[in-house]
Structure formats: structure tokens, C-alpha cells
Amino acid sequence: MTLQRTFIMVKPDGVKRGLIGEIIKRFDQKGFTLLNAELMTVDRSKAEYHYMEHQNKPFFGELVDFITSAPVFAMVWEGENIIEVSRLMIGKTSPLEALPGTIRGDFAFTKEENVIHGSDSLLSAEREIENFFGLLKKRISKDDFPFEDRKSV
Ligand code: GDP
Ligand code: MG
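Predicted model only: the values in this text are computed from it and were never measured.

Asks: Describe the overall build of the protein chain, listing the residues and the values that go with them.
Replies: Helix and strand counts for the protein chain come out as 7 helices and 4 strands. Shown N-terminal to C-terminal, the secondary structure of the protein chain runs as helices and strands in the order β-α-α-β-α-α-β-α-α-β-α. Burial analysis of the protein chain (153 residues in total) assigns 30% to the buried set. Counted over contacts in the protein chain with a minimum sequence separation of 6, partners at least 24 positions apart contribute 69%.

Asks: Hey, could you go over the nonpolar core for me, with residue numbers and the actual values?
Replies: Of all hydrophobic cores here, the largest spans 30 residues; its most connected members are Met-9, Val-10 and Ile-116. The element best represented in this core is strand E3 (residues 72–80), accounting for 6 residues. Sequence-distant contacts of Met-9, defined by excluding residues within four places in its chain, comprise Val-72, Phe-73, Ala-74, Met-75, Ile-116 and His-117.

Asks: Give a detailed account of the site of ligand 1, specifying residues and quantitative values.
Replies: The local shell around ligand 1 consists of Phe-59, Glu-62, Leu-63, Thr-93, Lys-111, Glu-112, Asn-114, His-117 and Asp-120. Grouping the constituent residues of the shell around ligand 1 by class yields 2 nonpolar, 3 polar and 4 charged.

Asks: Any details on the environment of Ile-20? Residues and values, ideally.
Replies: Position of Ile-20 among the secondary structure elements: in helix H2 (residues 20–30). Residue Ile-20 is classed as partly exposed on the basis of its 16 C-beta neighbours within 10 Å. The spatial distance from the C-alpha of Ile-20 to the C-alpha of Val-85 is 19 Å, given a sequence separation of 65 residues. In this structure, Ile-20 is in contact with Val-10, Val-15 and Phe-73, ignoring residues within four places of it in sequence.

Asks: Describe in detail unusual backbone geometry, supporting the description with residues and values.
Replies: Phi is positive for Asn-81, which is not a glycine, with a value near 50°. Residue position: Asn-81 is located in the loop between E3 and helix H5 (82–90). If you check the backbone angles, Val-115 has positive phi at about 75° while not being a glycine. The buried category is assigned to Val-115, around which 25 C-beta atoms lie within 10 Å.

Asks: So what's going on with the sheet that holds strand E4 (residues 116–118)? Which residues, and what values?
Replies: Think of a sheet as strands paired side by side through backbone hydrogen bonds, with each pair either parallel or antiparallel. Taken together, the 4 strands give an open sheet; going across it, the order is E2-E3-E1-E4, and neighbouring strands pair in antiparallel fashion. The strands lining the two open edges of the sheet, one partner per strand, are strand E2 (33–40) and E4. Recorded for the sheet is a direction-independent mean angle of 20° between the axes of neighbouring strands. By the bridge criterion, 7 bridges tie E2 to E3 in an arrangement that is antiparallel. Looking at the pairing, Glu-38 lines up with Ala-74 of E3. Here H2 sits on the sheet in contact with strand E1 (3–10), E3 and E4, set at roughly 165° to E1.

Asks: How would you sum up the UniProt feature "modified residue: Phosphothreonine" (unreviewed entry) in the protein chain? Please name residues and give values.
Replies: Within this numbering scheme, the UniProt entry marks Thr-93 as carrying the feature "modified residue: Phosphothreonine" (unreviewed entry). Looking at the element boundaries, Thr-93 is found in the loop between H5 and helix H6 (103–107). If near-sequence neighbours (up to four positions away) are discounted, Thr-93 is found in contact with Lys-111 and Asn-114.

Asks: Got a sec to walk through helix H7 (residues 122–133)? Specific residues and values, please.
Replies: Every α-helix carries 3.6 residues per turn, so stepping three or four residues along brings you back to the same face. Between the first and last C-alpha of H7 there are 16 Å, a value that for 12 residues agrees with the 16 Å anticipated at 1.5 Å per step. Buried within H7 we find Ala-125, Glu-126, Glu-128, Ile-129 and Phe-132. At the C-terminal side of H7, Gly-134 shows a positive phi close to 95°.

Asks: Residues and numbers for the environment of Glu-130, please.
Replies: Structurally, Glu-130 is set in helix H7. Taking the number of C-beta atoms within 10 Å as the measure of exposure, Glu-130 has 13 and is therefore partly exposed. Residues Glu-130 and Phe-7, 123 residues apart in the sequence, show an inter-C-alpha distance of 9.4 Å.

Calculation notes
Residues numbered from 1 in each chain as written. Chains lettered and ligands numbered in written order. Predicted model: local features only at pLDDT ≥ 70, side-chain atom pairs only at ≥ 80, totals over all residues. Helix = DSSP H or I, 4+ residues; strand = E, 2+ residues; numbered from the N terminus. Buried ≥ 20, exposed ≤ 12 C-beta atoms within 10 Å, placed from the backbone. Contact = placed C-beta atoms within 7 Å. Core = buried A, V, L, I, M, F, W, Y, C linked by C-beta atoms within 7 Å. Near = placed C-beta within 6 Å. Nonpolar A, V, L, I, M, F, W, Y, C, P; charged D, E, K, R; others polar. Pairing = 2+ DSSP bridges. Axes fitted to C-alpha atoms, helices over the stretch in contact; angles between N-to-C directions. UniProt positions renumbered as here; feature names shortened; annotations may be inferred. Expected span 1.5 Å × (residues − 1).

Shown next, in the form of C-alpha cells:
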């Protein structure tokens, strides 16, 4: 069992385009569990903390402007291997690489405004959930780390 929690956010473009319901539907139908959700505007410090790994990129300012420009729909979802599976459901960042059938493949057409965010690792998920919703109750355990540790089990 590798039950995980992840942070999923419908970005301002996705909210404006009426995609909240479609995105909830896909995660629900996959069998994942919605633990928390809120429509909210994001202030600059929350956005900068959320995207801290991109702080030295030339597009960082534009990215923070975009995320703070209009409401987002922030969610916490739980499920088996959800961090990796949700990234597959979301699709690649660039519209040239996001496959049909993925959320970005079906709905996004630019890499700057690409409808949805999903955490890319356990550490990011914990940090992002805390940033938007407060402290996680569940701590990361050995079982959450794939491959290496489980070889010996
Ligand atoms: P993700 O993990 O698939 O969301 O992609 P990244 O971590 O590489 O980038 C984070 C987010 O920054 C993306 O989802 C886009 O919204 C945005 N982004 C990525 N590349 C660019 C860019 O070249 N310009 C701008 N303005 N935004 C970008
Ligand atoms: Mg990323």
C-alpha cells in the first residue's frame, strides 16, 4: 500500500474556462478521494513559496502574476500512488508533449497557462498542502518511498 496525498490546483485559466467540474470528475472516477477543496485567490507570498523551485527562472515573475491574477480551485486528493498517477492524468507541461486523454492534452494549448497543477513528489506535496491548507496530519513514512526500500520487504 502506498496511500499518498497530493495537492491539485485548477489554475486561473482552468477556473475561467469552467473546467473545475471536469477535473474533479476525472479524479473522482479514477477512484481517488477528495479530502479538501477551496476556491481562493492566492497572494504573492503564497504563490512564490508554491513555485520556489522556479525562483531563478526568467518566467518566475510572469508565473506568479498568472497564479495571483484570478481565483484558483485548490484541492487535496488521496489515493494509491496518487503523486505519480495524477501527474500522468495531468500530462506534460508543454502542449506539444501533453498526450490526448490527459487533462492538459485535452484542454491546454500553451505551456504558460496550462489549466492544472499537481505536486511532483512527496516533499512538494507536503509543502504545497501545508502552504494552501495548513499542516498535514499524516507524516511521510518509509512505505511512501518507492522501489529502494520495498526491495527488502
Ligand atoms: P509542471 O510541473 O508540469 O506544472 O511544470 P513546471 O514545474 O516546469 O513549471 C511550472 C509552471 O510554470 C507550469 O505549469 C507553467 O504554468 C509555468 N511555466 C512553465 N514554463 C513557462 C514559461 O516558459 N513561461 C511562463 N510564463 N510560464 C511557464
Ligand atoms: Mg513542476
